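# Notes for the structure review
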Amino acid sequence: MHNSKLRTSNSKSYLLLCVLGVFVVCSPFSVRTAYAQAGCFTQTGQCISDRFRAYWETHGGLSMFGLPISGELWEDGRLVQYFERNRFEFHPENAPPYDVLIGRFGAERLAASGRNQWTMPHGAAQNGCLFFNETRHSLCGAFRAYWEQRGGLAIFGFPITEPFSEMNEADGKVYTVQYFERNRFEFHPENPAPYNVLLGLLGAWRANWLLSNTDRQPHPTRAAISGPEGTQGPLADVTLQISAPGYSGPAELRVFDGSGWLESSRPLTIRDGAAAATFTSGGALGTHSAVLVIGGKLAGATSQAYTLDAQTSITTGQPSYDELVPLAHQWLSHDISEYTISGLDVRGYRSPDSDLLWLRDHVYQALGYRYFEPDMTSLLDYFRHAQHIDGSFDDYVANPPWGLIKGRTEVEADLEYLFVQGVYQAWQATGDDGWLQSNQDAMQRGLNYTMTSPIRWEPSLGLVKRPYTIDTWDFEYGGPTTDPNGNPSPRHWIDSKTKWSIMHGDNTGLAYAMTLMAKIAEQRGDWNVANDWRNRATALMNRLNAVSWNGNFFAHQVNLTPVPIPGLDAARQLSLSNAYALNRDVLSDGQAVAILNEYQRRMQQHNAFAEWYSIDPPFPAGSFGTPPGWGNQPGEYVNGGIMPLVGGELARGAFRYGQENYGFSILNRYHFLVQSQGGSYLWYYPAGNPGKSSDNTLNTDGWGSSAMLVALIEGAAGVVDNGALYKDVTLSPRWAADSSVSTATVVVRYPASYGYVAYRWERQSDGIALRVTGSAERGTVRVLLPEAVTGNVAASINGMPVAAQVATVGTSRYVELPLPRTTDAVQVTWGK
């Protein structure tokens, strides 16, 4: 293989020296004279001739397209030639100058990175900029000047992103870039204008993988490669047909996935000009390319061998699991509100008992809708734009025809850490580093507000405080009262009568946000900042444990103001944020197991249909002044109601901490519940009848169903994204814990991007077989062993033995292996 990075980097430097006139030999006169005489460049050993030569000369030459890096090749049934910055295509069916077209390498490169141009943040019309309705992107400043002066739409196409920061694949440095259909603009502030805008070396990027291990020259045979029409799903059998007129003999077929990774390579014998090859589809989503190589030369290529797409689905043969994905998708599709606010199109997910868009409801439901929803950012963008000067956020927003509704329920202390969680989840699904960076200041300011505001922070303990509420809900203890406007109301505000407390959920949520800030800092390589955030999270949890952890769970409230409640044993109150803490990366293994065990003990102690308590024991009737039907009586709403959102968090935690049977039990009980009720509700009475806050209550609860869905996907199916776009994955299929499952086919996809994972799991008499593919570049496979397996195990990848490391989680045993990059077969076996 050529040293492609060195060559492309050197050629960029060479071009810069040329345009600056540093070398006499590179002056426009000398380059043109040398080229006109020979048509070849010694720098790459390639030549340009005929119609490509004329186009190169008349459309900008070296500065626009760079040096030729291949001969004239046969691709997609026509002559093409690769240059450093693009590919020329000869279309004799078109009249000049349209008989030469250039590739859509900007769009291809963006898609190859896993990002979807149609779901990235849009621009807005503004003074001094062009705005393109076709793609909803703007073009400003130096990029606009370059675009207009160098050929505009005909050469570059429409902008398909806004400007953002990105690491360059040629030199490893970070530049401000903007993608266009046919190229990428890069801003180089180290260069004087007009050379501070350069084009990306996207032709070199594509040639470096498509033409690897060839001499980049054509074989006399002009071969055609064709595949199936329509999109193919992952792990399907795909057959490619090869037509090589006049040739019989050996050849090599190479198939590349949507990111340019070598998906399959195999020798062929072509007889009488024809051959076929069948392989398993996989690798990155998008259009897959293929090349036929004969004797080290390119006989033919296609940029459209087949198209791979994926949608989230789980197939096990068991309705409890298979039906949850389509049901959750259906319910969430009914929980959407859309508004235009200050010119910003906003789409978000509401709770079933309110048509307002609450930041809290939207963020928690993202655990589910990220598997179906392309728009992960617009509502978060609104809340960022509306952030207050002190760093605090509004709680809710709506913009019905009669006017804008927005504000904050004053007792709430969770919005700032929830914003961080929401941004991180959206970044995982979009892979948009530029958008993530645009939220950095807002996240930092929000957390600073939490840790400095006198109504959010208790400095003597170094912990978040709030008025005495049920967990992190939005009304304070104190019975019926009137609001500041004289209307009957539960207490939603802060005044001299407020009773203060430390609520553990606010603090585990803040610690979780700190760990996410550390991951974000690591993503950009800022290790000192990452360590600082992790240390702060650890210190916060140490302080919380000292005042709230009772050995089995976090006490509901640690009172700063005395709150005597007759008839209530407050020390026994188990509230729902204990379940949330299981999945916030802040607990020790011992704490997590203790919380899970406590919920299971209460399942045995009570007559309720499920142990998914909002709080147990509940408060006496009338403690919070809520209207009848949603919290006035014990067992209503969050005053002792049963909530699937708690059950989902418990199930995910159970899978995570070695209690797989408990996790599967919750999923099966939830399926029975929704089948018997004909839907999913936010809360239920302990007897099992659904809770309805009003006649407008929907039976399409996205909050609880999202928690159950992520328990199924991350827990049972074991697909966990350690970064963004499933590029770093931990894959822990746990189907071995349910004897009713013998095979499982799992596909998990972010529709906001091209990030996905797919696998096929099979239980065998003496082992487990696993076929894995996706967009992952690294990660770990953890195969859960059946309980009966106690002896030594062996493992292989594609038939080659690999070391099998056995890890224990609780009483469960997992075989840990490196995650294969390509579509590979994993086998774990044990003796009989």
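What counts as what
- Residues numbered from 1 in each chain as written.
- Predicted model: local features only at pLDDT ≥ 70, side-chain atom pairs only at ≥ 80, totals over all residues.
- Heavy atoms only, no water.
- Disulfide = S-S within 2.5 Å.
- Buried < 20%, exposed > 50% of the residue type's maximum accessible area, 1.4 Å probe, protein only.
- Axes fitted to C-alpha atoms, helices over the stretch in contact; angles between N-to-C directions.
- Helix = DSSP H or I, 4+ residues; strand = E, 2+ residues; numbered from the N terminus.
- Parallel < 35°, antiparallel > 145°, perpendicular 65-115°, else oblique.
- Left-handed = near helix turned anticlockwise from the far one by under 90°.
- Contact = heavy atoms within 4.5 Å.
- Phe/Tyr/Trp six-rings, centres within 6.5 Å; stacked < 30°, edge-to-face > 60°.
- Lys NZ or Arg CZ within 6 Å of the ring centre and 35° of its normal.
- Pairing = 2+ DSSP bridges.
- Arc of directions from axis to C-beta.
- pLDDT = per-residue confidence, 0-100.

### Some remarks on the state of the cysteines
- Evaluated as defined, the whole model comprises 2 disulfides.
- Disulfide pairing is shown between cysteine 40 and cysteine 47; the S-S distance is 1.8 Å. Torsion about the S-S bond of the cysteine 40 and cysteine 47 cystine: about 100°, corresponding to right-handed handedness.
- On the basis of relative accessible area, cysteine 40 is assigned to the partly exposed category, the value being 30%.
- When the bonded cysteines of the protein chain are numbered from the N-terminus onward, they pair as 1-2, 3-4.

### Describing the packing of helix H20 (residues 644-656) against helix H21 (residues 660-677)
- Packing of H20 against H21 brings their axes to within 7 Å, and their N-to-C directions diverge by 150°. Taken together, the axes of H20 and H21 are roughly antiparallel relative to one another. In this structure, H20 meets H21 at a crossing whose hand is left-handed. On H21, the residues that touch Pro644, Gly647, Leu650, Ala651, Ala654 and Phe655 of H20 are Glu660, Tyr662, Gly663, Phe664, Ile666, Leu667 and Tyr670.

### Some details on the packing of aromatic side chains
- The final tally for this structure, using the stated rule, is 49 aromatic pairs.
- Measuring from ring centre to ring centre gives 5.8 Å for phenylalanine 52 and phenylalanine 88, while their planes differ by 75°; the resulting arrangement is edge-to-face. Note that phenylalanine 52 is positioned in helix H3 (residues 50-58) and phenylalanine 88 in strand S5 (residues 87-90), a separation of 36 residues in sequence.
- A relative accessible area of 3% means that phenylalanine 52 is categorised as buried.
- Residue classification places phenylalanine 88 among the buried positions, given a relative accessible area of 0%.
- Sitting above the plane of the tryptophan 500 ring, lysine 465 keeps its charged end 4.5 Å from the centroid.
- Looking at arginine 536, its charged tip hangs above the ring of tryptophan 533, at a distance of 4.5 Å from the centre.

### Notes on the pairing of strand S30 (residues 476-482)
- Where S30 lies against strand S31 (residues 488-491), 3 bridges are found, and the strand directions are antiparallel. The partner of threonine 481 across the bridge, within S31, is serine 489.
- In sequence, S30 turns back onto S31 through a hairpin of 5 residues, with glycine 486 there showing a positive phi of about 90°.

### Topic: the environment of alanine 521
- Along the chain, the position of alanine 521 falls in helix H16 (residues 504-523).
- Considered as a pair, alanine 521 and asparagine 531 are 10 residues apart in the sequence and their alpha carbons are 8.9 Å apart.
- In contact with alanine 521, not counting residues within four places along its chain, are Asp526, Val529 and Ala530.

### Comments concerning the sheet that holds strand S32 (residues 500-503)
- Pairing within the open sheet is antiparallel, and its 3 strands lie in the order S29-S32-S33. The strands lining the two open edges of the sheet, one partner per strand, are strand S29 (466-467) and strand S33 (557-559).
- With 3 bridges connecting them, S32 and S33 associate as antiparallel partners. Counted as the bridge partner of isoleucine 502 is valine 558 from S33.
- Sheet strands in contact with H16 are S29 and S32, and its direction is about 50° off that of S32.

### Re H3
- Residues Phe52, Tyr55 and Trp56 constitute the buried set of H3. Within H3, the buried residues cover an arc of 100° as seen down the axis, which keeps them to one side. Facing away from the buried side of H3 by more than 90 degrees, the exposed set consists of Asp50 and Thr58.
- Downstream of H3 by one or two residues, glycine 60 has phi in the positive range, about 120°.

### As for the confidence of the model for the protein chain
- Model confidence for the protein chain is summarised by a mean pLDDT of 91, while 95% of its residues fall at 70 or above.
- Here residues 1-34 is modelled with pLDDT under 50, and outside its nearest four sequence neighbours on either side it reaches 44 contacts, counting other chains as well.

### What about the environment of glycine 810?
- Turning to its location among the elements, glycine 810 is positioned in the loop between strand S44 (805-809) and strand S45 (812-818).
- According to the relative accessible area criterion, glycine 810 is exposed, its value standing at 56%.
- Taking the C-alpha atoms as reference, glycine 810 lies 37 Å from aspartate 433; in sequence the two are 377 residues apart.

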